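So you can see what is in the structure, the chains are spelled out below.
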Amino acid sequence: SHDTFQKMNIDSPPASRLLGHFGAALKKGIFTTQLEIYNLYKDKKVYGTYDGCHPVLNIKDPDMIKEIMVKSFNSFVNRRSFFDLDPPFKEMLVSLKDDQWKHVRKIMSRTFTSGQIKRMSKHMERKSQQLVDLLHRKQESNDDDDIELKNIISCFTLDVIASVGFGVEISSMENPDNPFAVHAKQSINLSPLLLSLAFFAPWSLTLLQKAGVSTIPKATREYFTKIIDAAIENRKEEGQAGKVNDFLDLLINSEEESGQTEKYYLTRSEIHGQALVFILAGYDTISTVLSFTLFLLTVHPEYCQIVQKEMDEKIGNESPNYDNIQGLTYMDMCLNETMRLYPPAFFIDRVCAEDTTVHGIQIPKNMVVAFPVYALHRDPEFWTEPDKFQPERFSAENKDSHHPYAYLPFGNGPRNCVGMRLALMELKIALSYILKDFTPVTCEKTVYPIKLKKLQLIAEDGLWVKLSARK
Ligand code: HEM
């Protein structure tokens, strides 16, 4: 029944009996629905929605968001889990809970220090150079040089993940049916049927799982477990463990030796889980931000020119690398502005672990609280002309003019995105390689403004551009 918020004296728009507010999302799209509901409650700090029959307390007030994400973190450690995933997906940091989360998070944070990221950047440089070479070859061999950015960038991101996370060399652009690509796509494309069941009838998922039906196919789980184990054994045999400087190496260094009592080590199953994090947390996110940024620079050539001018001044004829991309502040501003308009995680949540009062609102144990990131990023109270792409919002002079908790592309607090710095490095290296050799320009197939698909952060008409080689 939909009376939870009425009892709590919290506003909530009328909900359909079976679907709650998910019905509107199915009809109008998840982004429009989030914005429309958010805008109904202009002067409120919170409002309620229902996913199917589950109440979700949405937080609009940035000070309250800060309180939940940071100050009262201990009462809001975990995320909601829709599925009871099978190992090794169950062991991923994203889905871990309480003490096991704390343990693995500590180790994962050690693998994302600046020194480690710098070492991993070599792999990103190599893969970015391969991408640019391929784009040149494509141009030389093909009359039709229109490019759909999301498609091509997704292949690149996948090649990076295969290399850095699994020690596997692939080229998905030339060979899209390689088993790594097929299984990786399989793991992020949960079937719409399962998603709907998770929303409306979570009990049915439990039954299905008891009957042996899994959210991610068994063959996919076995494939990843096998290639990770093979890579680890290979490196150990060849004395290469710890010398390749990729993410897998860092995990191998954290592996628990039998008999060890140190709390700083991971079990083999936890290692499998963290390698998979790259696919589930780092694949679609990076390819979305990279392709949308390139596209927004295409339709706003004046900003693209500034980025390229800055690159010419700060990188010159050198190849882009970890050190020389640090000074590309205008590129940072463009990436930030893309993630404001198109945040890959457009909705973040936490589960309340015990009855807690936040800013005078009593939140009961087990209630899901959510931060409507997409709508916060377009709230005119925090952003002037919120629908416009204006990188200057993030300049040194302007960046303090928005509330820090009204901008959450990587979340915030102890449970924020652990891969943030790695992601920003990969985005800047790839963008620098591409924009050093090419200027993206519009073509006949370019459609702008972008119309998003109903349930995914994907441009309905694609992100079509032409790449013009720079002299
Ligand atoms: C542009 C790219 C990315 C974006 C926009 C992004 C965004 C996010 C967001 C919003 C969260 C939730 C934060 C919260 O709940 O407060 C998150 C969590 C996480 N992200 Fe990312 N992410 C990106 C790339 C990556 C990459 C490349 C990796 C790993 C290699 C990664 C690993 C993770 C992990 C492990 C978590 C869960 C952290 C935890 O539960 O402790 N992300 N990310």
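As shown above, the structure is provided for reference.
Break down the layout of surface pockets for me, citing the residues and quoting the values.
The probe, sized like a water molecule, is rolled over the atoms to show the empty space still left. In this structure, the second largest pocket encloses a volume near 480 Å³. Residue lining of the second largest pocket: 21 residues in total, with D332, F410, M420, R421 and L424 positioned closest to the centre. Within the lining of the second largest pocket, the residues separate by chemical class into 12 nonpolar, 6 polar and 3 charged.

Could you give me a rundown of the side chain of S154, with the residues and numbers involved?
Among the structural elements, S154 can be located in helix α7 (residues 149–166). Among residues more than four places away in sequence, those in contact with S154 are Y283 and S287.

Can you break down the site of the ligand residue by residue, with the values?
The environment of the ligand is formed by 28 residues, the closest being W101, R105, R350, R415 and C417. A distance of 2.7 Å is found between an oxygen atom of the ligand and a side-chain nitrogen or oxygen belonging to R105. One of the side-chain nitrogen or oxygen atoms of R350 is found 2.7 Å away from an oxygen atom of the ligand. Elements that contribute at least two residues to the shell around the ligand include exactly α5 (98–111), α13 (268–282), α14 (284–299), β4 (348–351) and α18 (420–437). If one sorts the elements of the shell around the ligand by residue count, α13 sits on top with 4 residues. Its residues assigned to classes, the shell around the ligand shows 18 nonpolar, 6 polar and 4 charged.

Any chance you could break down the coordination of the iron atom of the ligand for me, citing the residues and the numbers?
The protein supplies the iron atom of the ligand with one donor atom, C417 (SG), which lies at 2.3 Å. Along the polypeptide, C417 turns up in the loop between α17 (373–376) and α18.

Mind laying out the nonpolar core, listing which residues take part and the relevant values?
One finds F166, F180, F224 and I363 to be the most contacted residues of the largest nonpolar core, which totals 134 residues. Not counting residues up to four positions away in its chain, the partners in contact with I363 are L57, I68, F76, C352, E354, D355, T356, V358 and V369.

Tell me about the sheet that holds strand β9 (residues 464–469), and please be specific about residues and values.
Taken in spatial order, the 3 strands of this open sheet run β3-β9-β8, and their pairing is antiparallel. Strands at the two margins of the open sheet, each flanked by one partner only, are β3 (146–148) and β8 (438–441). When the angles between neighbouring strand axes are averaged without regard to direction, this sheet yields 45 degrees. As paired strands, β3 and β9 are joined by 3 bridges and run antiparallel to one another. Bridge pairing links I147 to V465 in β9. Against the sheet, α18 makes contact with β8 and β9, and its axis sits at roughly 90 degrees relative to β8, the strand it touches most.

How would you summarise the pairing of strand β7 (residues 368–371) if you had to cite specific residues and measurements?
The alternating pattern of β7 places V368 and A370 and V369 and F371 on opposite faces, both of which are buried. Pairing geometry for strand β2 (residues 54–59) and β7, over 3 bridges, is parallel. Bridge pairing in β7 places V56 opposite V368. Relative to β7, β4 is paired through 4 bridges, and the arrangement is antiparallel. Bridge pairing links D349 to A370 in β7.

Go over the environment of L149, please, and point to the residues and values.
Here L149 shows up in helix α7. We classify L149 as buried; its relative accessible area is 4%. On a C-alpha basis, the gap between L149 and L294 in space is 7.8 Å, while along the polypeptide they are 145 residues apart. Dropping the residues within four chain positions of it, L149 is found in contact with S291, L294, F295, L463 and V465.

Can you explain the pattern of salt bridges? Please cite residues and give values.
In total, this model carries 26 salt bridges according to the counting rule given. The partner of D249 in a salt bridge is R235, and the shortest N-O contact between them spans 3.2 Å. One end of the pair, D249, is in helix α12 (residues 247–253); the other, R235, is in helix α11 (residues 218–237), and 14 residues separate them in sequence. Grouping residues by exposure puts D249 and R235 together as buried.

An account of helix α6 (residues 114–141) is requested, with residue identities and associated values reported.
With 28 residues, α6 should reach 40 Å at 1.5 Å per residue; the first-to-last C-alpha distance of 40 Å fits that figure. Taken as a whole, α6 carries its principal kink of about 25 degrees at M120.

Give me the lowdown on the sheet that holds strand β1 (residues 46–51), citing residues and values where you can.
The strands making up a sheet associate through backbone hydrogen bonding, with each pair oriented either parallel or antiparallel. One open sheet accounts for 4 strands, arranged β1-β2-β7-β4; its pairing is mixed. Of all the strands in the sheet, the pair left with one neighbour each is β1 and β4. Direction aside, neighbouring strands of the sheet carry axes that sit 30 degrees apart on average. As paired elements, β1 and β2 share 6 bridges and run antiparallel to each other.

Which residues make up the pairing of β9, and what values go with them?
Note: β8 against β9, 4 bridges, orientation antiparallel. Following the sheet pairing, F438 is matched in β9 by A469.

Explain the packing of aromatic side chains to me, using residue names and the numbers behind them.
Scanning the entire structure with this criterion turns up 14 aromatic pairs. When the ring of F31 is compared with that of Y374, the centres are 5.0 Å apart and the planes differ by 55 degrees; the resulting orientation is tilted. A residue pair is termed long-range when its members are at least 10 positions apart, and F31 in helix α3 (residues 30–39) and Y374 in helix α17 qualify at 343 residues. The same class applies to F31 and to Y374, which are both buried. Measuring from centroid to centroid gives 4.7 Å for F292 and Y342, while their planes differ by 45 degrees, and the two rings are tilted. Placement of the pair is F292 in helix α14 and Y342 in the loop between α16 (329–341) and β4, with a sequence separation of 50 residues. Take F292 and Y342: they sit in the same class, and that class is buried. Put simply, the rings of F31, F346 and Y374 touch in pairs and so form one group of aromatic residues.

Tell me what's going on with empty space enclosed by the protein, and back it up with residues and numbers.
If you walk through the whole model with that rule in mind, you get 2 cavities of 30 Å³ or more. Quantified by volume, the second largest cavity comes out at close to 30 Å³. For the second largest cavity, the full set of lining residues is L131, L135, L149, I152, I153, L294, I434 and L467. Going through the elements one at a time, α6 and α7 are the ones with two or more residues in the lining of the second largest cavity. Among the elements that line the lining of the second largest cavity, the one with the most residues is α7, at 3 residues. Among the residues forming the lining of the second largest cavity, the class breakdown is 8 nonpolar, no polar and no charged.

Thresholds, definitions, all that
Residues numbered from 1 in each chain as written. Predicted model: local features only at pLDDT ≥ 70, side-chain atom pairs only at ≥ 80, totals over all residues. Heavy atoms only, no water. 1 Å grid on protein atoms, 1.4 Å probe; cavity = no way out; pocket = protein on both sides within 12 Å on 5 of 7 lines; lining within 4 Å. Points joined across faces, edges and corners; volume = space filled by probe spheres on them. Nonpolar A, V, L, I, M, F, W, Y, C, P; charged D, E, K, R; others polar. Helix = DSSP H or I, 4+ residues; strand = E, 2+ residues; numbered from the N terminus. Contact = heavy atoms within 4.5 Å. Near = heavy atom within 4 Å. Polar contact = N/O pair within 3.5 Å; in protein donor to acceptor, adjacent residues only side chain to side chain. Donors = N, O, S within 2.8 Å, 3.2 Å for Na, K, Ca; no water. Core = buried A, V, L, I, M, F, W, Y, C linked by side-chain atoms within 4.5 Å. Buried < 20%, exposed > 50% of the residue type's maximum accessible area, 1.4 Å probe, protein only. Pairing = 2+ DSSP bridges. Axes fitted to C-alpha atoms, helices over the stretch in contact; angles between N-to-C directions. Salt bridge = Lys/Arg side-chain N within 4 Å of Asp/Glu carboxyl O. Expected span 1.5 Å × (residues − 1). Bend = angle between axes of the 7 residues up to and from the residue. Phe/Tyr/Trp six-rings, centres within 6.5 Å; stacked < 30°, edge-to-face > 60°.

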